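Coordinate inspection notes
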Amino acid sequence: MIDESANAARPSAQEAIPALLEKHGGLIYSLGQRMCGSHEGAQDLVQETFLRAFKSWHQFEGRADPATWLYKIAVRACQRLKRPRAGQPQHMLAFDELLPESEKEIVTLADAAETPLEEVMRHEAYAHVEQALAQLPAEFRLALVLKEIADFSVAEVARILNLKEATVKTRVHRGRLLLRKTLAEKLPKRAAPPHEHAKRACLDLLHAKQQALDRGVEFPLQAGELCAHCSALFATLDLAREACLQLRHAELPQAVRKMLLEEFHANDERRA
């Protein structure tokens, strides 16, 4: 994320919070949709986050990125507003249960040059990822949303959630694998060939792939250099990541933006 605290002169709340609303309002609305499960809950989250930010701007000392400070407020608001839904899972599957080791089929994905039918299938895959995201235990979902949708680094997510970076990585890595597992159930498959490498070698490659996703860099090996199992696994991880990036393009409802700007203006008048 860009360090917005580099400005020498610290702006007032009347300048800073509307600017943060324009830059992050849509993303925090998207976070609310993922965490609260409804448009109404997402709107409540945006309103509470930015009203609290406006009222507490004087407490922001300017040593950190305002975005990190803002999302800390959003996470606290989310935790207050979020109510567990009936049937919502409370525990993540064990790591071994998230691996495709015992699957008798592997996913087959289209190349970059897609037909109209393949494009439809890809958009359906995005919908499957969104549904799978909603089924993650809340603590895993929040870490994954901040990392994959809000596009914070692991270190920034750790600061926002007041967690160790290792804990964030565990939650993000397992969350990705569960999204992949759910997505793989919906995609075309073919019979899995015999394993070409030892399990340890494939686990090492998976760890390297997750690290590359964490850093937002290309994985150094191409599909042709991987065994069929690793190639299919990594392709579905990439598709799940692509789907998460699509979810960040949420538009903040104009009515919510208008209400907040009016409230900021009213606060100015009350202080005058």
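Residues numbered from 1 in each chain as written. Predicted model: local features only at pLDDT ≥ 70, side-chain atom pairs only at ≥ 80, totals over all residues. Heavy atoms only, no water.

1. Here we look at the confidence of the model for the protein
- In this model, the protein carries a mean pLDDT of 84, and residues with pLDDT of at least 70 account for 87%.
- Of all the helices and strands in the protein, helix α4 (residues 116–134) carries the lowest mean pLDDT, 79, while helix α6 (residues 154–161) carries the highest, 95.
- For the stretch residues 1–8, pLDDT sits under 50, and the model shows 19 contacts to residues farther than four places along the chain or on other chains. (pLDDT = per-residue confidence, 0-100. Helix = DSSP H or I, 4+ residues; strand = E, 2+ residues; numbered from the N terminus. Contact = heavy atoms within 4.5 Å.)

2. Observations concerning empty space enclosed by the protein
- Throughout the structure, instances matching the rule amount to two cavities of 30 Å³ or more.
- What the largest cavity holds in volume is close to 120 Å³.
- Residue lining of the largest cavity: Leu-99, Pro-100, Glu-101, His-195, Cys-202, Leu-203, Leu-206, His-229, Cys-230 and Leu-233, and that is the complete set.
- For the lining of the largest cavity, the secondary structure elements donating two or more residues are α8 (199–215) and α9 (228–247).
- Here the residues of the lining of the largest cavity are counted per class, giving seven nonpolar, two polar and one charged.
- Computed from the structure, the second largest cavity encloses a volume of approximately 70 Å³.
- Around the second largest cavity sit Pro-100, Glu-103, Glu-105, Ile-106, Val-107, Arg-180, His-229, Ala-232, Leu-233 and Thr-236, which together line it.
- Mapped by element, the contributors of at least two residues to the lining of the second largest cavity are β1 (105–107) and α9.
- It is α9 that contributes the most residues to the lining of the second largest cavity, four residues altogether.
- A breakdown of the residues in the lining of the second largest cavity according to their chemical character gives five nonpolar, two polar and three charged. (1 Å grid on protein atoms, 1.4 Å probe; cavity = no way out; pocket = protein on both sides within 12 Å on 5 of 7 lines; lining within 4 Å. Points joined across faces, edges and corners; volume = space filled by probe spheres on them. Nonpolar A, V, L, I, M, F, W, Y, C, P; charged D, E, K, R; others polar.)

3. Regarding the pattern of salt bridges
- Counted according to the given criterion, the structure contains 12 salt bridges.
- With a closest N to O distance of 3.5 Å, Arg-241 and Asp-151 form a salt bridge. Of this pair, Arg-241 sits in helix α9 while Asp-151 sits in the loop between α5 (138–149) and α6, and the two are 90 residues apart along the sequence.
- For Lys-209, the salt bridge is made with Asp-238, and the minimal N-O distance between the two is 2.7 Å. With a gap of 29 residues between them, Lys-209 in helix α8 and Asp-238 in helix α9 connect regions that are remote in the sequence.
- Residue Lys-209 is classed as buried on the basis of its relative accessible area, which comes to 7%.
- It is possible to trace a salt-bridge network through shared partners that takes in Lys-147, Glu-148, Asp-151, Arg-176, Asp-214 and Arg-241. (Salt bridge = Lys/Arg side-chain N within 4 Å of Asp/Glu carboxyl O. Buried < 20%, exposed > 50% of the residue type's maximum accessible area, 1.4 Å probe, protein only.)

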